[in-house]
There are 2 protein chains.
Amino acid sequence: MNVYKARREKIYDWMAQEGVAVVMFEDTEPRREPAVRWMTGQPGDALLFLSADRQSLLIPWDINIALKYADAEMVIPYTEMDRQALIAFRSALEIFKTPLGSKLEISPATPYPLFLSYVEALGDFDILCRDIGATQAVTALRAVKDGEEIAIYRELSQITNEMIDHLEEGVRSGKLKTEMDAALFIETEARKRGCEGTGFETLAAGSGRSFGIHAFPAYTAGEFARQGLSILDFGLKLRGYTSDVTMSFACPPLSKAQERLLTLTEKAYKTGLSLVLPGMEARNIAAAVDNFFGKARKIMPHGLGHGIGLEAHEGPAIRNRCSNDWILTPGMIFTLEPGLYDPAQGGCRLENDILVTETGYEVLTQSRIVRL
Amino acid sequence: MNVYKARREKIYDWMAQEGVAVVMFEDTEPRREPAVRWMTGQPGDALLFLSADRQSLLIPWDINIALKYADAEMVIPYTEMDRQALIAFRSALEIFKTPLGSKLEISPATPYPLFLSYVEALGDFDILCRDIGATQAVTALRAVKDGEEIAIYRELSQITNEMIDHLEEGVRSGKLKTEMDAALFIETEARKRGCEGTGFETLAAGSGRSFGIHAFPAYTAGEFARQGLSILDFGLKLRGYTSDVTMSFACPPLSKAQERLLTLTEKAYKTGLSLVLPGMEARNIAAAVDNFFGKARKIMPHGLGHGIGLEAHEGPAIRNRCSNDWILTPGMIFTLEPGLYDPAQGGCRLENDILVTETGYEVLTQSRIVRL
């Protein structure tokens, strides 16, 4: 059985348990749903209907893309549906011969006015739109990578690590002088090495801008890695999956305050990493790092990490919030990214991608704070 | 009065007419709402509350960014709201002293489960979430550019036109050989010329991939502008606003079928342009072009054009659909982008940005089909 069909089978099992007849997944602008790619390979712009009798119907915008990439029992171009999701939904119900009164589930991201129009148009059915439902079930499954995904991450991590080495070398040799030099070097090398591109817009912040968590604009023609602290946050995208690492560059002379930001960040990273173990509550790791920074009278203004995969941010969340109930499980891949930011001193962040193993963890990437 | 305050005043007027006490606009991932930037200058990641008594409260994620860019009567960091939109909403109501029972409006993009939680948490108020409401009012206003916006577009169009010339020269001279060469040249030159970056991911499709409307991946290390038809679709982003143009490159020898795709596309473009006039129904322009292609036994698989601004796609829609009721008005800026795509011959598209004037139109950009 191919990997996409195997993933769909898990959702069919869930549907049977829940008594849901048909689920619609919608990957369209502005509501992106990578679950469609996860279950079919279709890279974007499509509706996917799953039926309790274990049939899938993919409705892509671009049929040529679907024929090249997608796996599903049935594929029908969106143009044959008058390019309207409601018409597609009705067609799916006819094709599946779904009994009236059945439970149909739509995405919890469905806007309220659109939800009303579904309820009106499909009045003979029971429309479900809920946070704890099919999408959440897929999210939980996606957070634990399967064999194919871990293989992609091994390949992707190797490419990412080569990039990290080249970036350090390029900065040290003076070849990469500006934020733009660094960001576009990544864009170029990613594609040369077979990546689809970058997983998100590279953030390159020279020492004058590194105090921001997310620099705006993401990168400029300004200088990079000159005196003080600079941040380079990037991810490469391979067959849909993104890595996510942050290097920091420290160019002397540094103030004592800057040295302390670096040391604390490195220690916080080690503190977090030492706690990664299957069965661990993700919240507790984040809490330990927050406590570490608190003792040093510092505050980290963002979460400690997040899962990565077909999205740059997905489960598990590694945040210190009582609502965060993720438990680490072998196969999860997430970032650890402690950082400190000071309007006067600048900022630094250290971020790597971590795989949870049966016995602990494996650090997939080799990002670091580079002392120039 | 500054431009942002002037824009907010128009929404306050609308609120008074509609009897709405408070409107919340939310510009966060994954629900982006450029209306926040339009009304305050804040480039992203913020909540904006407008009150019927003509007060605005901006709640940014990054207070440093807000202090640098944003205009609002009150600015309070999101961290003071425990980083929760509901707490922010309650605070806004307290600050504004909004009477119980008042009408509060939230975005029509609000997911149904989230809508329910707002209704529950703000049960003492009347929560509105509707397609025809505050967001639609802002959308209609944003579709007609004001003086400041037209000035930005004049500057942006000039930069875009210089880029078009350099791209043609680069391809002709052999300096730009691959899709990546073209795409990264644009990224580099955009920033050198003071742009924030590109308005959307550049699509560079060499002759083997130009049959797709939107090439996937967007660009690769593969050859560009070799024998046959290649497409280059890009936009530059200046102070938040994006241009959007498509060049096509035709490299001989061409088949008769390829020559015909080019000629038909150019004629379709002229047909559409000749109909641009204030008072014209946008739908009719798109219908005329569809008819033109139909007579030639061709089908264009996408709309004729769309408004541009803080988003790459905004009002007015230039589509041939009965639901499209946009009427051209002086100050509107939109694309005209006829194109034809053939799995065997490849594709071509010609796209420029058009400003509606009091008496007709002005073509802001000078994109073209380049015959090599």
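Position numbers for residues start from 1 in each chain and track the written sequence from start to end. All chains are assigned letters beginning with A, and all ligands numbers beginning with 1, in the order in which they are written. At least 70 in pLDDT is required for a residue's local features to be given in this predicted model, at least 80 for side-chain atom pairs to be given and counted, and no such filter applies to totals for whole chains, interfaces and linings, which use all residues. Excluding hydrogens and water, the side-chain values take into account all heavy atoms of the structure.

Another point: the sheet that holds strand β2 (residues 46-51) of chain A. All names here are of chain A. Each pair of strands is called paired provided DSSP finds at least two bridges between the two strands. Numbering of helices and strands runs from the N terminus, with a helix taken as a DSSP run of H or I at least four residues long and a strand as a DSSP run of E at least two residues long. Strand order in this open sheet of six strands is β4-β3-β2-β1-β5-β6, and the pairing throughout is mixed. Sheet topology places β4 (74-75) and β6 (126-128) at the edges, where each strand pairs with a single neighbour. Bridging between strand β1 (residues 22-27) and β2 involves six bridges; their strand directions are antiparallel. Bridge pairing links Asp27 to Ala46 in β2. Whether two residues are in contact is decided by their heavy atoms: any pair within 4.5 Å suffices. Note on geometry: axes are C-alpha line fits, over the in-contact stretch for helices, and angles between N-to-C directions span 0 to 180 degrees. Sheet strands touched by helix α1 (residues 3-18): β1, β2, β3 (55-60) and β5 (103-105). Its angle to β2, the strand with the most contacts, is close to 55°.

Okay, the packing of helix α7 (residues 147-173) of chain A against helix α8 (residues 179-192) of chain A next. All names here are of chain A. Contact geometry for α7 and α8: axes closest at 11 Å, N-to-C directions at 145°. Judged by the sense of rotation from one axis to the other, the crossing of α7 with α8 is right-handed. Contacts between α7 and α8 involve Met163, His166 and Leu167 from the former and Ala182, Phe185, Ile186, Glu189 and Ala190 from the latter. When residues are sorted by character, Ala, Val, Leu, Ile, Met, Phe, Trp, Tyr, Cys and Pro go into the nonpolar class, Asp, Glu, Lys and Arg into the charged class, and all the rest, Gly among them, into the polar class. The class makeup of the residues in the contact of α7 with α8 is six nonpolar, one polar and one charged. Note: crossing handedness is left-handed where the near helix turns anticlockwise from the far helix by less than a right angle, and right-handed where it turns clockwise.

Residues and elements named next belong to chain A. In this document the domain limits rely on a domain assignment from an automatic tool or a database. Entries for chain A in the domain assignment read domain 1 (3-142) and domain 2 (144-371). If you average the C-alpha positions of domain 1 and of domain 2, the two centres end up 34 Å apart. Domain 1 puts nine residues into the contact, and the matching count from domain 2 is 13 residues. For the pair domain 1 and domain 2, the summed buried surface comes to about 930 Å²; carbon and sulfur atoms form 43% of the total. Buried area adds together the accessible area that both of two parts lose upon being put together, with accessible area traced by a 1.4 Å probe. Broken down residue by residue, the surface that domain 1 buries against domain 2 is led by Arg7, Arg37 and Arg142, which jointly contribute 54%. Salt bridges, as used here, are contacts in which a Lys or Arg side-chain nitrogen is within 4 Å of a carboxyl oxygen on Asp or Glu. Linking domain 1 to domain 2 there are four salt bridges. Ionic pairing is found between Arg7 and Asp146, a salt bridge with its closest N-O pair at 2.9 Å. Whenever two N or O atoms come within 3.5 Å, that pair is a polar contact, provided that in protein one can donate a hydrogen and the other can accept it, and provided that, for residues adjacent in sequence, both atoms are side-chain atoms. Inspection of the region where domain 1 meets domain 2 yields eight residue pairs in polar contact (both at pLDDT 80 or more). Contributing elements (two or more residues each) for the side of domain 1 that touches domain 2: α1, α2 (35-40) and α6 (134-143).

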